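Structural features, examined
The residues making up each chain are set out below.
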Amino acid sequence: MADEDIREAAPAALASDDADVEVEEGATPVAELDPETRARRDAALRQVRKLGDPVLRASALPVDRFDDALRAEIERMGELMGDALGIGLAATQIGVLHRVLVYRSDPEDPLTALVNPVLEWSSEETEIASEGCLSIPFVHVDVERPAAVRVRARDARGEQLEVQASGLTARVIQHEMDHLDGVLMIDRIPREERKEAMRAMREAQREASLA
Ligand SMILES: [Zn+2]
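Report follows, based on the coordinates. Computed from a predicted structure; not experimentally measured.

1. Points about the overall build of the protein chain
Each helix and strand in the protein chain was counted, giving 4 helices and 7 strands. Taken from N to C terminus, the helices and strands of the protein chain fall in the order α-α-β-β-β-β-β-β-β-α-α.

2. Describing the environment of Ile74
If you trace the backbone, Ile74 turns up in helix α2 (residues 68-83). A count of 21 C-beta atoms within 10 Å places Ile74 in the buried class. Sequence spacing of Ile74 and Ala91 is 17 residues, and the spatial spacing of their C-alpha atoms is 8.5 Å. Among all residues touching Ile74, those that are not within four sequence positions of it are Val100, Val102, Ala113 and Ala156.

3. Points about unusual backbone geometry
Even without a glycine there, the phi angle at Asn116 is positive, about 55°. Following the sequence through the fold, Asn116 ends up in strand β3 (residues 112-122). Despite not being glycine, Phe138 shows a phi value in the positive range, around 75°. Its place among the elements puts Phe138 in strand β5 (residues 136-146).

4. Some details on the sheet that holds strand β6 (residues 148-154)
As summarised here, the arrangement of the 5 strands in space is β1-β2-β3-β6-β7, forming an open sheet in which the pairing is antiparallel. With one partner strand each, in any of the chains shown, β1 (88-90) and β7 (160-166) form the two edges of the open sheet. Averaged over all pairs of adjacent strands, the angle between strand axes in this sheet comes to 40°, irrespective of strand direction. Bridge count between β6 and β7: 7 bridges; the pairing is antiparallel. If you follow Arg150 over to β7, its bridge partner there is Gln164. Along the sheet, helix α3 (residues 167-180) contacts β1, β2 (100-103), β3, β6 and β7; its crossing angle with β7, the most-contacted strand, is approximately 125°.

5. A few points about the pairing of β6
Strand direction decides the pairing type here: β3 and β6, joined by 5 bridges, are antiparallel. When the sheet's bridge partners are listed, Val115 is paired in β6 with Arg154. Here β6 folds back onto β7, and the loop between the two strands holds 5 residues, one of which, Gly158, carries a positive phi near 95°.

6. Brief notes about the nonpolar core
Ranked by internal contacts, the top residues of the largest apolar core, which has 46 residues, are Met77, Ala84, Leu89, Leu101 and Val102. The residues touching Leu101, leaving out its near neighbours within four places in the chain, are Gly88, Leu89, Ala90, Ala91, Leu114, Pro117, Glu176, Met177 and Leu180.

7. As for α2
Along its 16 residues, α2 runs 22 Å from first to last C-alpha, staying within 8% of the 22 Å computed at 1.5 Å per residue. Buried within α2 are the following residues: Leu70, Glu73, Ile74, Met77, Leu80 and Met81. What you see down the axis of α2 is that its buried residues fit within an arc of 125°, all on one side. The exposed residues of α2 that point more than 90 degrees off its buried face are Asp68 and Ala72.

8. Here we look at helix α1 (residues 35-46)
Taking 1.5 Å as the rise per residue, α1 with 12 residues should run 16 Å; its terminal C-alpha atoms sit 16 Å apart, in good agreement. Inspection of α1 places Arg41, Ala44 and Leu45 among the buried residues, and these make up the whole buried set. The buried side chains of α1 occupy one side of the element, clustering within an arc of 95° when seen end-on. Residues of α1 that are exposed and point more than 90 degrees away from the buried face comprise Pro35 and Glu36. Where the residues of α1 are buried, they touch α2.

9. Digging into the environment of Ala72
Relative to the elements of secondary structure, Ala72 occurs in helix α2. Sequence separation between Ala72 and Ala156 is 84 residues; the distance between their C-alpha atoms is 9.5 Å.

Reading the values: rules and limits
Residues numbered from 1 in each chain as written. Predicted model: local features only at pLDDT ≥ 70, side-chain atom pairs only at ≥ 80, totals over all residues. Helix = DSSP H or I, 4+ residues; strand = E, 2+ residues; numbered from the N terminus. Buried ≥ 20, exposed ≤ 12 C-beta atoms within 10 Å, placed from the backbone. Contact = placed C-beta atoms within 7 Å. Pairing = 2+ DSSP bridges. Axes fitted to C-alpha atoms, helices over the stretch in contact; angles between N-to-C directions. Core = buried A, V, L, I, M, F, W, Y, C linked by C-beta atoms within 7 Å. Expected span 1.5 Å × (residues − 1). Arc of directions from axis to C-beta.

Encoded structure:
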């Protein structure tokens, strides 16, 4: 999940059937989706800002009104994320500069929304795992992050909330919190790997457009 690109034009429709495409961690390969699910995903992805869009580099602003508009925004983010088959989404990814993120790292879990999240603690122990980003199609990179975090935030109604997470959930939260500061997963890997990832992305996009 990260960004500098090329695609506002024809987003995920770019995926050719044999392309190795996934979205945020853990999603079903696109080629295996039924046509309806795939169409819904493509429509959702068209609303997600992609690498190269300056808004992805902006710092989002704290939310100070916990009103119906905020709850509608969160609901829309949850729907978009679900339709896009992602497991996390930050408001900046849909062009809204609010410090809001949503995630659902296990399909059985309810959607969690964090408003104005602040990292309170992160473990010294780190883990390396593959990440993807709805804003950076075709790219998966190994990112090293703290294995566990504790985050303080507010929920959609403004209630204080503390989340302690490890594993995939900790990773998703950190990835989405990065988005709120204009940081992308490709910023967290060595320069050489970033160049390689960008090359692979352009290649996949070219192939997809020819498919
Ligand atoms: Zn992302």
